[in-house]
Amino acid sequence: MKRWWAGLGLALLALSASAQEAEHQDEVYSARVSRVFDGDTVWVKPLAGGQYRKLRLEGIDAPEICQSGGEASRDALARRLLKQVVEVRVRAQDDYGRGVARIVHQGDDVAAWMVSAGHAWSYRWRRSLGPFAAEETTARERRRGLFKDAAAELPRDFRKRHGPCPMPPRG
């Protein structure tokens, strides 16, 4: 009887380990962008079918929509991606239930493009300047987009001072 329980325990442990491993694998699919919410959030419809998915671009922080540069950031992303087919690699979920994803359009990493064009910051974490620090440095040097203003405020600092943007009125 002890051997049976030990065998069951090992089987359950193996199942748990494989479930955790599968949970940490990236989800990769092609999708069409159906909506651009702001400079770092899009809605996509997988080409293989299924529900619409809300995604946050990995590695960047775009201005809040009510912040200076927020609408320009959203509009630049919309001009590039709206109704376009993209390759999506979801790496995690954020606190708001969005998939945190690397999105590629026509061979370009969209997050890197947003920072290079001056429409977003490389996402800072602790002392790291983030994955797109070089692109941000170049955009600053060339005074692109929001970096035309030397006093442009990081979105997290803006949120600390002002709170979240108010919801738009319902029509």
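Procedures and definitions
Here, residues in each chain are numbered from 1, in the same order as that chain's written sequence. A pLDDT threshold of at least 70 governs which residues receive local features in this predicted model, and a stricter bar of 80 or more applies before side-chain atom pairs are shown or counted, although totals over entire chains, interfaces and linings include all residues. Only heavy atoms go into the side-chain values, all of them from the structure, while hydrogens and water stay out. A cavity, in this analysis, means grid points on a 1 Å lattice covering only the protein atoms where a 1.4 Å probe fits yet has no way out; a pocket is instead an open set bounded by protein on both sides within 12 Å along at least five of seven lines, and a residue lines either one if it has an atom within 4 Å of a point. Grid points are joined across faces, edges and corners, and a volume is the space filled by probe spheres set on the points. In this classification, Asp, Glu, Lys and Arg are treated as charged, Ala, Val, Leu, Ile, Met, Phe, Trp, Tyr, Cys and Pro as nonpolar, and every other residue, Gly included, as polar. Only one rule defines a salt bridge in this text: a Lys or Arg side-chain nitrogen within 4 Å of an Asp or Glu carboxyl oxygen. Secondary structure counts use DSSP, requiring at least four H or I residues in a row for a helix and at least two E residues in a row for a strand, with both numbered from the N terminus. Whether a residue is buried, partly exposed or exposed follows from its accessible area with a 1.4 Å probe, protein chains only, as a fraction of its type maximum: under 20%, in between, or over 50%, in that order. Confidence of the predictor at the level of single residues is given by pLDDT, which spans 0 to 100. Note on definitions: a residue-residue contact is assigned when non-hydrogen atoms from the two residues lie within 4.5 Å. Disulfides are defined as cysteine sulfur pairs within 2.5 Å. When two rings of Phe, Tyr or Trp (its six-membered ring) have centres within 6.5 Å they constitute a pair, described as stacked for plane angles under 30 degrees, edge-to-face for angles over 60, and tilted for the intermediate range. Cation placement over rings: the criterion is NZ of Lys or CZ of Arg within 6 Å of the ring centroid and within 35° of the ring normal.

Caption draft 1: Quick peek at empty space enclosed by the protein. Following the criterion strictly, the structure yields one cavity of 30 Å³ or more and no others. Of the volumes computed, that of the largest cavity is approximately 40 Å³. Along the walls of the largest cavity sit Asp61, Ser122, Tyr123, Arg124, Leu154 and Arg156, which together make up its complete lining. Looking at the lining of the largest cavity, its residues break down into two nonpolar, one polar and three charged.

Caption draft 2: Region of interest: the pattern of salt bridges. By the definition in use, this model includes 15 salt bridges. With a closest N to O distance of 2.5 Å, Arg53 and Glu27 form a salt bridge. Within this pair, whereas Arg53 is found in strand β3 (residues 53-57), its partner Glu27 is found in strand β1 (residues 27-38), the two being separated by 26 residues in sequence. On the basis of relative accessible area, Arg53 is assigned to the partly exposed category, the value being 28%. Among the ionic pairs, Asp40 bridges to Arg56, the shortest N-O distance being 3.3 Å. On the criterion of sequence distance, the pair formed by Asp40 in the loop between β1 and β2 (41-46) and Arg56 in strand β3 is long-range, its members being 16 residues apart. No difference in accessibility class separates Asp40 from Arg56, as the two residues are buried.

Caption draft 3: Representation of unusual backbone geometry in the model. Look at Arg126: it is not a glycine, yet its phi comes out positive at around 55°. Mapped onto the secondary structure, Arg126 falls in the loop between β8 (121-122) and α4 (133-141).

Caption draft 4: Spotlight on the confidence of the model for the chain. Residues at a pLDDT of 70 or more form 84% of the chain, whose mean pLDDT is 87. Predicted confidence is poor over residues 4-22, with pLDDT under 50, and the contacts of this stretch with residues over four places away or in other chains come to zero contacts.

Caption draft 5: Local environment of the state of the cysteines. This structure, assessed with the given rule, holds one disulfide. A sulfur-sulfur distance of 2.0 Å marks the disulfide that ties Cys66 to Cys165. Taking the torsion about the S-S bond as the criterion, the Cys66 to Cys165 disulfide, at about -85°, is left-handed. On the criterion of sequence distance, the pair formed by Cys66 in the loop between β4 (60-61) and α2 (70-81) and Cys165 in the segment after α5 (155-162) is long-range, its members being 99 residues apart. Classification of Cys165 as buried rests on a relative accessible area of 16%.

Caption draft 6: Local environment of the packing of aromatic side chains. Taken as a whole and judged by the stated rule, the model has one aromatic pair. Ring geometry for Trp121 against Phe147: centres 5.9 Å apart, planes inclined by 85°, an arrangement best described as edge-to-face. Note that Trp121 is positioned in strand β8 and Phe147 in the loop between α4 and α5, a separation of 26 residues in sequence. The two residues Trp121 and Phe147 agree in class, both being buried. If you follow Lys45 out to its NZ or CZ, it ends over the ring of Tyr52, 5.0 Å from the centre. Looking at Arg53, its charged tip hangs above the ring of Tyr29, at a distance of 4.6 Å from the centre.

Caption draft 7: Quick peek at the layout of surface pockets. One number sums up the size of the largest pocket: a volume of about 1,100 Å³. Forming the walls of the largest pocket are 31 residues, and the residues nearest its centre are Asp38, Glu64, Tyr96, Arg98 and Arg159. Looking at the lining of the largest pocket, the element that brings in the most residues is β1, giving four residues. Its residues placed into classes, the lining of the largest pocket shows 15 nonpolar, two polar and 14 charged.

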